[in-house]
Amino acid sequence: MGIRFVLMVNKQGQTRLAQYYEYLNIEERRALEGEIVRKCLTRNEQQCSFVEHRNYKVVYRRYASLFFLVGVDNEENELAILEFIHLLVETMDRHFGNVCELDIMFHLEKAHFMLEEMVMNGCIVETSKANILSPIQLLDKAS
Amino acid sequence: MNPFSSGTRMRDMIRAIRACKTAAEERAVVRKECAAIRAAISENDQDYSHRNLAKLMFIHMLGYPTHFGQMECLKLIATAGFPEKRIGYLGLMLLLDERQEVLMLVTNSIKQDLNHTNQYIVGLALCALGNLGSAEMARDLAPDVERLLQFRDPNIRKKAALCTIRIIKKVPDLAENFIKPAAVLLKEKHHGVLITGVQLCTDLCRVSDEALEYFKKKSIDGLVKLLRDLTNSPYAPEYDISGITDPFLHVRLLKLLRVLGEGDADASDSMNDLLAQVATKTESNKNAGNAILYECVAAIMSIEDNGGLRVLAVNILGRFLSSRDNNIRYVALNMLMKAMALDSQAVQRHRATILECVKDPDASIRKRALELVYLLVNENNVKQLTKDLVDYLEVSDPEFKGDLSAKICSIVEKFSPEKIWYIDQMLKVLSEAGNYVKDDVWHALIVVITNAPNLHGYTVRSLYKAVQTTTEQETLLRVAVWCVGEYADLLISNAGMLDIEDPITVTEADAVNVVETAIGRDSSDLTTRAMCLIALLKLSSRFPSLSKRINDIIHRHKRSLVLELQQRAIEFNSIIGKHEKIRSALVERMPVLDEATFSGRRAGSVPNAVSTSQGAPPKIPNGVVKPAPPPLVDLLDLSSDDVPTSVSVGGDFLHDLLGVDMSPAPSQGTNQTKKSGTDMLLDLLSIGDPPALSNSAALDILSTSQDSQSAGDLSGKSPTPLLSVKASTSAGSSSMMDLLDGFGATPSVPVAVTDAPTYPSIVAFESSSLKVTFNFTKDPSSQHTTLIEAQFTNKSPNIYSNFVFQAAVPKFLQLHLDPASSNTLPASGDGSITQTLRISNSQHGKKSLVMRMRINYKVNNKDVLEEGQINTFPRGL
């Protein structure tokens with residue numbers, strides 16, 4: 001499995017979404033998130049989107065005030081993950097319409113559902129936005 | 001409805017949390033919410049359980065404990081409705097800790113849901129199993145998942161494929177059941193099924209050789225066709241990313257091909273054309289295209305060699321490397337590391353560019369580039385590369401200096417073509433980043449310096465110049481202080497001047513100034529100060545005219561709060577003030593440090609007994625290679641008669657040997673004052689050297705201190721690998737302590753006591769040329785201790801000179817050798833040498849004495865060695 005975790009963090013370093021594909025307890029998570037955020041958020045636009053931390057490689061991308069960080073292992077294709085982050089953002093955009101930090105906060109479970117349709121057990125499940133969103137739209141219609 | 005359990009809306013809770021100004025406020029809000037949720041759970045409130053769980057997820061994300069929500073998740077999963085199940089499964093995946101009981105409880109629900117008529121519910125159950133499944137669950141549910149791999153809806157098949165990856169990783173034995181169903185997935189059209197199916201095949205290959213063989217045989221052609229169709233496919237809006245159809249699937253396919261082609265020439269052959277096509281035709285102006293190229297290069301590097309393709313791959317990397325996009329450069333550096341193993345020449349061509357990357361402002365790129373440069377170094381380019389790196393060290397960021405200097409040191413040590421270059425580079429590194437280097441680096445430097453006698457003068461002068469310009473680097477200062485202490489005379493006299501040097505004028509006072517400044521620095525730590533004190537002691541002997549001033553500097557440290565420094569100061573003060581005679585011999589130059597031992601110890605191997613316990617004879621003029629140490633190995637083994645061939649002996653055993661350490665071959669001197677001071681000193685110093693006729697007491701002090709230094713080494717008590725500096729002083733000084741305290745005490749003389757039991761004398765050893773007899777006396781004060789008077793008689797008509805007796809005993813014995821009466825043995829039994837041995841037996845009454853001995857002497861200027869084992873000790877000793 002390539003993807004170890006997906007994090008969304010705002011400019012202030014507050015976690016807005018966290019999904020881990022390997023077990024870490026709460027203290028480890030907090031420590032890891034803190035370290036990674038400190039490392040990534042201090043980097044400027046010109047620097048590359050990859051940061052090595054512990055035994056992870058963190059691929060990150062910034063959209064307005066929100067950072068998307070994906071932790072992968074050494075085998076993973078960093079450039080493809082970068083593209084995957086963009087796909088994730090586009091998918092959320094399509095659903096929320098110009099997604100922002102608040103959308104993700106207030107609809108945390110929906111954001112998770114989308115992520116769940118895209119990544120499972122650290123592997124990519126689906127890359128078509130329509131396929132990703134159809135179960136979620138179905139749910140919206142039902143309620 | 002219970003007014004307490006309903007709580008606030010999710011939105012309101014988030015607002016409340018965001019409004020908190022301090023962490024304490026936030027904790028209070030969260031505590032209140034958690035209490036409300038707990039209450040709702042305990043009252044079995046169905047209406048709000050969905051909302052409560054969403055809140056718990058948010059609280060969990062903030063990093064608060066939410067374990068009490070787990071059972072609520074189980075309840076929701078067990079309900080009938082899809083929305084409840086959905087949030088229940090999500091909660092389970094987020095909130096679950098590693099408590100297996102909860103997982104066991106959920107197994108049954110998952111099993112039911114896997115067989116549900118609603119395909120969305122089946123999807124949920126697959127997802128949960130894929131993310132959380134344990135080995136037990138994998139075994140229980142594998143048949144259901146296998147069935148679902150053929151489900152009519154592709155959205156279920158894709159999830160079942162990933163679920164299978166979890167199962168085969170948890171229980172690799174199950175892999176064989178999934179090989180054929182997985183191969184079927186590769187024939188699908190649906191991208192989701194394809195991408196998950198390809199990943200499943202890749203993972204199957206990793207856990208099962210059978211799968212690997214199967215896919216090599218049956219699937220390669222299909223995969224090649226699949227990838228070819230994908231690359232040539234017309235515009236597909238749903239999967240298009242900047243002009244490329246589904247780059248993710250591209251990447252996964254290339255990864256699987258790489259696994260299949262690795263180490264298999266036929267398989268590699270069948271994909272060569274396709275890889276060439278992908279490598280040449282993929283657009284490289286967008287990230288998605290580069291991701292595919294990157295993966296394609298990785299595949300080409302891994303599969304069996306095809307010269308043309310490799311060239312193509314390295315060219316792509318070269319293009320990447322010169323890209324302006326930092327991401328592309330990063331992955332290029334990453335991949336070039338792998339390419340090094342295949343074709344280092346091709347990578348060497350990019351050396352200049354890579355070196356530029358070391359200086360990049362981006363830490364990630366710097367780190368990768370530095371790793372790569374480290375691999376690039378070889379004998380031919382080491383000088384140039386090191387120069388570049390050292391130059392960069394001067395201007396690099398402080399946080400990068402640690403990594404950079406470590407790599408430079410490692411390169412220099414590994415490839416150094418000559419000692420002067422090594423010393424030069426190390427001095428540069430220490431001057432620039434001395435505070436960042438590890439201890440073993442400067443220890444190694446000192447070892448190298450001592451081993452380069454013709455560079456002593458050059459080194460000490462270079463160091464002197466270096467510390468004139470910078471005193472901020474602690475390790476530089478230490479090396480400088482050490483060298484000034486050792487080679488001060490060369491510093492003053494400009495001796496051994498090399499052509500490249502400019503002569504400098506340094507007075508004796510200047511040399512002392514260096515050390516005085518170093519010891520006076522506020523930032524100097526204990527090690528540096530201790531080294532300074534020793535250097536001062538040495539200088540006091542080298543420059544007698546400054547003795548007074550040096551003594552004053554040392555005097556100041558008599559009141560040091562650090563015990564170590566205080567003690568040294570008092571001792572050294574006393575040596576300078578009261579023991580003029582022995583001082584110069586005391587502070588002889590350090591013997592040449594053994595490089596092999598040092599590097600061996602550094603590598604963490606068992607210290608080599610022979611070379612470690614062999615302190616070089618102190619009388620050897622500096623720089624002269626010491627005589628090869630006589631092998632000690634056979635002395636080690638007393639229990640068997642076989643002479644062990646390797647030194648695989650633990651430290652304990654060696655410990656015993658220290659009592660009989662190889663003593664320096666005593667050299668004949670002119671100092672005849674031995675009777676007055678020497679004997680007393682010898683006894684006080686008593687580490688076990690048989691000093692025999694060594695002519696100055698101080699000599700023995702030195703050798704003793706060396707012996708005990710190795711004792712420290714072997715028993716692992718001394719933390720610093722390079723002990724010669726510190727340990728020798730501490731050990732040396734402990735004996736000096738005795739020396740100072742014990743003045744006036746008479747050496748204890750063996751006294752035969754009449755009421756002690758008597759034991760018959762034995763002939764311990766007899767050969768055609770030599771006879772050794774032992775006379776025994778019991779120490780009246782201790783049952784365990786036996787005094788042995790050894791008497792050596794010469795049976796040949798020739799005089800034996802340089803006669804040295806050595807002995808070794810097993811662990812349960814302790815041996816102490818007193819000095820021998822002489823080191824010359826007259827011919828034909830016309831006189832003898834006597835030497836007293838003191839043995840204490842910790843197993844007294846249980847085991848008898850046993851000893852192995854060795855005798856060295858010179859006859860007609862030829863070295864003779866005799867050895868033997870003594871088992872004939874009387875019982876009861």
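These numbers come from a predicted model, not from an experiment.

## Thoughts on the sheet that holds strand β9 (residues 851–859) of chain B
Residues and elements named next belong to chain B.
So, step 1. Within the open sheet, the three strands sit side by side as β6-β9-β10. Their pairing is antiparallel. Strands at the two margins of the open sheet, each flanked by one partner only, are β6 (800–808) and β10 (862–870). The mean angle between the axes of side-by-side strands here comes to 15°, regardless of whether they run parallel or antiparallel.
So, step 2. In the sheet, β6 pairs with β9 via seven bridges, with the strands oriented antiparallel. Considered in β9, the bridge of Val804 is made with Asn856.

## Examining the sheet that holds strand β3 (residues 762–766) of chain B
Residues and elements named next belong to chain B.
So, step 1. One open sheet holds the five strands; their spatial order is β3-β4-β5-β8-β7, and the pairing between them is antiparallel. With partners counted over all chains shown, the strands left at the sheet margins are β3 and β7 (813–820), one partner each. Taken pair by pair, the neighbouring strands of this sheet meet at an average axis angle of 25°, ignoring direction.
So, step 2. Pairing of β7 with strand β8 (residues 832–841), which is carried by six bridges, proceeds in the antiparallel orientation. Note on β8: the bridge partner recorded for Leu817 is Leu837.

## Focus on the packing of helix α14 (residues 220–232) of chain B against helix α16 (residues 265–281) of chain B
Residues and elements named next belong to chain B.
So, step 1. Axis separation between α14 and α16 bottoms out at 10 Å; the angle between their running directions is 5°. The pairing of α14 with α16 is recorded here as roughly parallel in orientation. Contact residues: Ile220, Asp221, Val224, Leu227, Arg228, Thr231 and Asn232 in α14; Ala267, Ser270, Met271, Asp273, Leu274, Gln277 and Val278 in α16.
So, step 2. Class assignment for the residues of the contact of α14 with α16 results in seven nonpolar, four polar and three charged.

## Details of the packing of α14(B) against helix α15 (residues 247–261) of chain B
Residues and elements named next belong to chain B.
So, step 1. At a minimum axis distance of 10 Å, the contact between α14 and α15 shows a crossing angle of 150°. Regarding the angle of α14 to α15, the classification is roughly antiparallel. As for how α14 packs across α15, the hand of that crossing is left-handed. In this structure, α14 uses Ile220, Leu223, Val224, Leu226, Leu227, Leu230 and Thr231 to contact α15, whose residues at the interface are Leu249, His250, Leu253, Leu254, Leu256, Leu257 and Leu260.
So, step 2. Residue composition of the contact of α14 with α15, by class: twelve nonpolar, two polar and no charged.

## Topic: the side chain of B:Ser431
All names here are of chain B.
So, step 1. With respect to the helices, strands and loops of the structure, Ser431 is situated in helix α25 (residues 419–433).
So, step 2. Residue classification places Ser431 among the buried positions, given a relative accessible area of 19%.
So, step 3. Polar contacts involving the side chain of Ser431 include one to the main-chain carbonyl oxygen of Leu427, which spans 2.5 Å.
So, step 4. In contact with Ser431, other than residues within four places in its own chain, are Ala466, Thr470, Gln473 and Leu476.

## Thoughts on the interface of chain A and chain B
So, step 1. Contact residues are listed per partner, giving 55 residues for chain A and 73 residues for chain B.
So, step 2. Taking both partners together, chain A and chain B bury about 5,700 Å²; carbon and sulfur atoms supply 55% of that area.
So, step 3. Summed over the three residues of chain A that lose the most area to chain B, namely A:Leu79, A:Phe106 and A:Met120, the buried surface amounts to 12% of that side.
So, step 4. Between chain A and chain B we count ten salt bridges in total.
So, step 5. Close ionic contact of B:Lys255 with A:Glu76 constitutes a salt bridge, the shortest N to O distance being 3.8 Å.
So, step 6. Residue assignment for the side of chain A that touches chain B shows that the elements contributing at least two residues are β2 (15–20), α1 (26–41), β3 (50–53), α2 (78–96), α3 (101–106), α4 (108–118), β7 (123–124) and α5 (129–142) of chain A.
So, step 7. The element that contributes the greatest number of residues to the side of chain A that touches chain B is α2(A), accounting for eight residues.
So, step 8. Here the side of chain A that touches chain B is built from residues that sort into 27 nonpolar, twelve polar and 16 charged.

## Some remarks on the confidence of the model for chain B
Low pLDDT means the predicted atomic positions in that stretch should not be read closely.
So, step 1. For chain B, per-residue confidence averages 78 on the pLDDT scale, and 81% of positions sit at 70 or higher.
So, step 2. Note that residues 1–6 of chain B has pLDDT below 50 and, in this model, ten contacts with residues that lie over four places away or in other chains.

## A short note on the pattern of salt bridges
All names here are of chain A.
So, step 1. Within the structure shown, the criterion is met by 45 salt bridges over all chains.
So, step 2. Note that Glu22 and Arg4 form a salt bridge whose closest N and O atoms lie 3.1 Å from each other. Of this pair, Glu22 sits in the loop between β2 and α1 while Arg4 sits in strand β1 (residues 3–10); the two residues are 18 residues apart in sequence, bridging distant segments of the chain.
So, step 3. Glu22 sits in the partly exposed class, given a relative accessible area of 23%.
So, step 4. Taking the relative accessible area as the measure of exposure, Arg4 reaches 16% and is therefore buried.

## As for helix α27 (residues 456–469) of chain B
All names here are of chain B.
So, step 1. Helix length check: α27 (14 residues) gives 20 Å between terminal C-alpha atoms against 20 Å at 1.5 Å per residue, within 8%.
So, step 2. Where burial is concerned, most of α27 is hidden: eleven out of the 14 residues are buried.
So, step 3. All of the buried residues in α27 are His456, Gly457, Tyr458, Thr459, Val460, Arg461, Ser462, Leu463, Tyr464, Ala466 and Val467.
So, step 4. Buried-residue contacts for α27 involve α25, α26 (439–450), α28 (474–493) and α29 (508–520).

## Here's the deal with the nonpolar core
Residues and elements named next belong to chain B.
So, step 1. Counting 286 residues, the largest nonpolar core has Phe58, Ile110 and Phe215 as the members making the most contacts within it.
So, step 2. Looking at this core, the element that brings in the most residues is α28, giving twelve residues.
So, step 3. Once residues within four sequence positions are removed from consideration, Ile110 is found in contact with Tyr89, Ala125, Ala128, Leu129, Met137 and Leu141.
So, step 4. The next biggest cluster of nonpolar side chains, apart from the first, holds 35 residues, and it includes Ala764, Phe792, Leu813 and Met853.

Reading guide: rules and limits
- Along each chain, residue indices are assigned from 1 in the same order as the chain's sequence is written.
- For naming, the first written chain is A and the first written ligand is 1, with later ones following in the order written.
- Only residues with pLDDT of at least 70 are given local features in this predicted model, and only at 80 or more are side-chain atom pairs given and counted; all residues enter the totals for whole chains, interfaces and linings.
- Calculated side-chain values reflect all of the structure's heavy atoms, with hydrogen atoms and water omitted.
- Between any two strands, pairing holds if DSSP finds at least two bridges.
- Each helix is a run of H or I in the DSSP string that is no shorter than four residues. Each strand is a run of E no shorter than two, and both are numbered from the N terminus.
- Between the N-to-C directions of two axes lies an angle of 0 to 180 degrees, each axis being a line fitted to C-alpha atoms and, for a helix, fitted only over the stretch in contact.
- Any angle that falls under 35 degrees is termed roughly parallel, while one over 145 is termed roughly antiparallel, one within 65 to 115 roughly perpendicular, and all others oblique.
- For this analysis, residues touch if any pair of their heavy atoms sits within 4.5 Å.
- Residue polarity follows a fixed list, in which Ala, Val, Leu, Ile, Met, Phe, Trp, Tyr, Cys and Pro are nonpolar, Asp, Glu, Lys and Arg are charged, and the others, Gly among them, are polar.
- In this scheme the crossing of two helices becomes right-handed for a clockwise turn of the near helix relative to the far one and left-handed for an anticlockwise turn of less than a right angle.
- Buried means the residue's accessible area, taken with a 1.4 Å probe over protein chains only, is under 20% of the maximum for its type, while exposed means over 50%, and partly exposed covers the values in between.
- Think of a polar contact as two N or O atoms within 3.5 Å of one another; within protein, one of them needs to be a possible hydrogen donor and the other a possible acceptor, and neighboring residues in sequence only count if both atoms come from side chains.
- Simply put, the buried area is the total loss of 1.4 Å probe accessible area from both parts when two parts are fitted together.
- Here, a salt bridge means any Lys or Arg side-chain nitrogen found within 4 Å of an Asp or Glu carboxyl oxygen.
- pLDDT expresses how confident the predictor is about each individual residue, on a scale running from 0 to 100.
- In this analysis, the expected span of each helix is defined as 1.5 Å times one less than the number of residues it contains.
- For the purposes of this section, nonpolar cores are sets of buried Ala, Val, Leu, Ile, Met, Phe, Trp, Tyr and Cys residues that join through side-chain atoms within 4.5 Å.

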